[in-house]
Amino acid sequence: MKQAVSETFDEKTTVKCTIVLKCMMFLHLKVPKITIKKLDLLSQKNKYPKMSAVEINKDTWLKWFESMLLMRKFEEKTGQLYGQQKIRGFCHLYIGQEAVVAGAISAMQKGDSMITTYRDHAHALALGVSADSIMAEMYGKATGCSKGKGGSMHMFSKEHNFYGGHAIVGGQIPLGAGVAFAEKYKGTDNVNICYMGDGAVRQGALNETFNMAMLWKLPVIFVCENNGYAMGTSVQRTTNMTDIYKIGLGFDMPCAPVDGMDPVAVHNAMDEAIQRARKGEGPTFLEMRTYRYRGHSMSDPAKYRTKEELEDYKAKDPVELARETILKEKYADQAWIEEVEAKVKATVDQAVKFAEESPWPEASELYKDVYMTENYPYVMD
Ligand SMILES: Cc1ncc(C[n+]2csc(CCOP(=O)(O)OP(=O)(O)O)c2C)c(N)n1
Ligand SMILES: [Mg+2]
């Protein structure tokens, strides 16, 4: 099992390194000792004692299982419906990455918010946006959470503190800091969780945002969902510095790598980061190492990676991990698991029925909810 996507070398590189080292030893040259100091966020526990630690217990595991199973089944159905052309346009599935959202939700409190990329169905579901309104949104129906105007990539719910669903890679990074700024300005202790992909961390906006967020100690947790690829391009092909979390070091921002396939690891890291932000101590940058089982979007056959790599990650599947833990620890029995499976299936079936039966938006809706500025581009007579 490869430890993490960004820590793996391909075979050629390993062979080359070995040859260089052997030649150096043969020539009696001093082999440089390289030690990479890993930041361990969790070891800072004493420095940042937890204020209201949200403990992981039986209830947490039961909730994780149910919510991750819903994300999984909802998206499997989404994939089928896309194949039937019931859902059109761009559509990106989150299957495999569920622990990154589940472990965050269990560490959050009412009032906290989320913002993310176009891979947004699971985030919306976990925050409590109804499966009905998410499915209807994908169908482009008037009952969708964005009134059928956003589609798969632009889920939004003010009621559930979900600030979207953003299709511009990295576009949500400054927006997340903006939400956090608003919370600080209003004097709340709410925190914003701002997700981004491994591709998005190369956007210039990240640097400006990280700088301001640290300067103003904004209550925002920047979470990079490192699934190893930006479309078909692996992290190794885009950067010399594959330990993405280290970007935080340049801003003196607490940062750490996290096993994104394990809801416990995600929860612990998020809990600590959230408590720190709530106390006014500013942002954290977490690199969640995870994997998407499907292609980048519905049109991607994912030929740029090996079957073995995919299988390695599937062996760490978060939904199965939750199922096994619940049974092993006797938090619930097989009958409970089957009950939840039936409940999730009913929720997904109902969502499809709701979307099918919902009306299309009225033509007059076309000009509503459009942001415009009367005097743009600010030319005065
Ligand atoms: C500014 C911008 N550039 C390019 C694109 C095209 N694009 C869409 S998704 C994507 C890859 C992003 O990958 P990553 O950030 O790793 O997120 P993931 O899809 O893996 O969740 C690209 C390049 C875009 N939407 N916006
Ligand atoms: Mg990616």
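Rules behind the numbers
- Residues numbered from 1 in each chain as written.
- Chains lettered and ligands numbered in written order.
- Predicted model: local features only at pLDDT ≥ 70, side-chain atom pairs only at ≥ 80, totals over all residues.
- Near = placed C-beta within 6 Å.
- Nonpolar A, V, L, I, M, F, W, Y, C, P; charged D, E, K, R; others polar.
- Buried ≥ 20, exposed ≤ 12 C-beta atoms within 10 Å, placed from the backbone.
- Helix = DSSP H or I, 4+ residues; strand = E, 2+ residues; numbered from the N terminus.
- Pairing = 2+ DSSP bridges.
- Right-handed = clockwise from strand over helix to strand, strands pointing away.
- Axes fitted to C-alpha atoms, helices over the stretch in contact; angles between N-to-C directions.
- Parallel < 35°, antiparallel > 145°, perpendicular 65-115°, else oblique.
- Left-handed = near helix turned anticlockwise from the far one by under 90°.
- Contact = placed C-beta atoms within 7 Å.
- Core = buried A, V, L, I, M, F, W, Y, C linked by C-beta atoms within 7 Å.
- pLDDT = per-residue confidence, 0-100.
- Expected span 1.5 Å × (residues − 1).

A.B. asks: Before we move on, can you summarise the site of ligand 1 with the specific residues and values?
C.D. replies: By nearness alone, 15 residues border ligand 1, and Val169, Gly197, Gly199, Ala200 and Ala230 come closest of all. For the shell around ligand 1, the class distribution of residues is seven nonpolar, five polar and three charged.

A.B. asks: Lay out the pairing of strand E8 (residues 284–289) in plain terms, naming residues and giving numbers.
C.D. replies: Among the six residues in E8, six count as buried, and that is most of the element. Covered by surrounding structure in E8 are Thr284, Leu286 and Met288 together with Phe285, Glu287 and Arg289, the residues of both alternating faces. Where strand E4 (residues 220–226) meets E8, six bridges bridge the pair, whose relative direction is parallel. Residue pairing for E8: Ile221 is matched across the bridge by Thr284. Tracing the backbone out of strand E7 (residues 255–259), into helix H9 (residues 263–278) and back to the parallel element E8 gives a crossover that is right-handed.

A.B. asks: Can you lay out the sheet that holds E7 for me, pointing to particular residues and giving the numbers?
C.D. replies: Working definition: the strands of a sheet are paired by backbone hydrogen bonds and lie parallel or antiparallel to each other. If you walk across this open sheet you meet the six strands as E2-E1-E3-E4-E8-E7, and the pairing is parallel. Each of the sheet's edge strands pairs with one partner strand only, and the pair in question is strand E2 (162–166) and E7. The average undirected angle you get between the axes of adjacent strands in this sheet is 15 degrees. The sheet contact formed by E7 and E8 spans five bridges and is parallel.

A.B. asks: So what's going on with the packing of helix H2 (residues 58–83) against helix H12 (residues 334–357)? Which residues, and what values?
C.D. replies: The relative placement of two packed helices comes down to the angle between their axes together with the axis-to-axis distance. It is at 9 Å that the axes of H2 and H12 come closest, and there the two elements cross at 40 degrees. Overall, the two elements H2 and H12 adopt an arrangement that is oblique. In this structure, H2 crosses over H12, and the sense of that crossing is right-handed. Judged by residue contacts, Phe65, Glu66, Leu69, Leu70, Lys73, Phe74 and Lys77 of H2 engage Val340, Glu341, Val344, Lys345, Thr347, Val348 and Val352 from H12. Tallied by class, residues from the contact of H2 with H12 come to eight nonpolar, one polar and five charged.

A.B. asks: Can you break down the packing of helix H6 (residues 172–186) against helix H7 (residues 204–215) residue by residue, with the values?
C.D. replies: Running from amino to carboxyl end, H6 crosses H7 at an angle of 20 degrees, the nearest separation of the two axes being 8 Å. The pairing of H6 with H7 is recorded here as roughly parallel in orientation. Taken as a pair, H6 and H7 cross one another with a handedness that is left-handed. Contacts between H6 and H7 involve Ile173, Pro174 and Ala177 from the former and Ala205, Leu206, Thr209, Met212 and Ala213 from the latter. Counted by class, the contact of H6 with H7 contains seven nonpolar, one polar and no charged residues.

A.B. asks: Tell me about the pairing of strand E1 (residues 113–117), and name the residues and values.
C.D. replies: Taken across its five residues, E1 has five buried, putting it largely inside the fold. Relative to strand E3 (residues 192–197), E1 runs parallel, the two sharing three bridges. For Met114, the partnering residue across the bridge sits in E3 and is Ile193. Relative to E2, E1 runs parallel, the two sharing three bridges.

A.B. asks: Talk me through the environment of Ile105; I want residue IDs and the actual numbers.
C.D. replies: Checked against the element boundaries, Ile105 lands in helix H3 (residues 98–105). Along the primary structure Ile105 and Ser67 are separated by 38 residues, whereas in three dimensions their C-alpha atoms are 10.0 Å apart.

A.B. asks: Describe in detail the nonpolar core, supporting the description with residues and values.
C.D. replies: One finds Leu125, Cys194, Val220, Ile221 and Leu286 to be the most contacted residues of the largest nonpolar core, which totals 87 residues. Per-element tally for this core: the top contributor is H2, with eight residues. Contacts of Ile221, omitting those with residues within four sequence positions, involve Val191, Ile193, Cys194, Met270, Ala273, Ile274, Ala277, Pro283, Thr284 and Leu286.

A.B. asks: Give me the environment of Ala277: which residues, what numbers.
C.D. replies: Looking at the secondary structure, you find Ala277 in helix H9. For Ala277 and Asn190, which are 87 residues apart along the polypeptide, the C-alpha to C-alpha distance reads 8.6 Å. Setting aside residues up to four positions removed in sequence, Ala277 forms contacts with Val191, Pro219, Val220, Ile221, Gly282, Pro283 and Thr284.

A.B. asks: Break down the environment of Asn211 for me, citing the residues and quoting the values.
C.D. replies: Relative to the helices and strands, Asn211 is located in helix H7. Among the residues examined, Asn211 registers 14 C-beta atoms within 10 Å and is labelled partly exposed. Spatially, the C-alpha atoms of Asn211 and Gly250 are 9.1 Å apart, while their sequence positions differ by 39 residues.

A.B. asks: Which residues make up the confidence of the model for the protein, and what values do they have?
C.D. replies: As a note on interpretation, predicted positions should not be read in detail where pLDDT is low. In the predicted model, the protein carries a mean pLDDT of 88, and the fraction of residues at 70 or more is 85%. This model gives residues 1–11 a pLDDT under 50, and the stretch forms 16 contacts once residues within four places in sequence are excluded. Across residues 29–52 the pLDDT falls below 50, and counting only partners more than four positions away or on other chains, this stretch makes 23 contacts in the model.

A.B. asks: Could you give me a rundown of H2, with the residues and numbers involved?
C.D. replies: Helix length check: H2 (26 residues) gives 38 Å between terminal C-alpha atoms against 38 Å at 1.5 Å per residue, within 8%. Once H2 ends, the next one or two residues include Gln85, with phi positive near 60 degrees.

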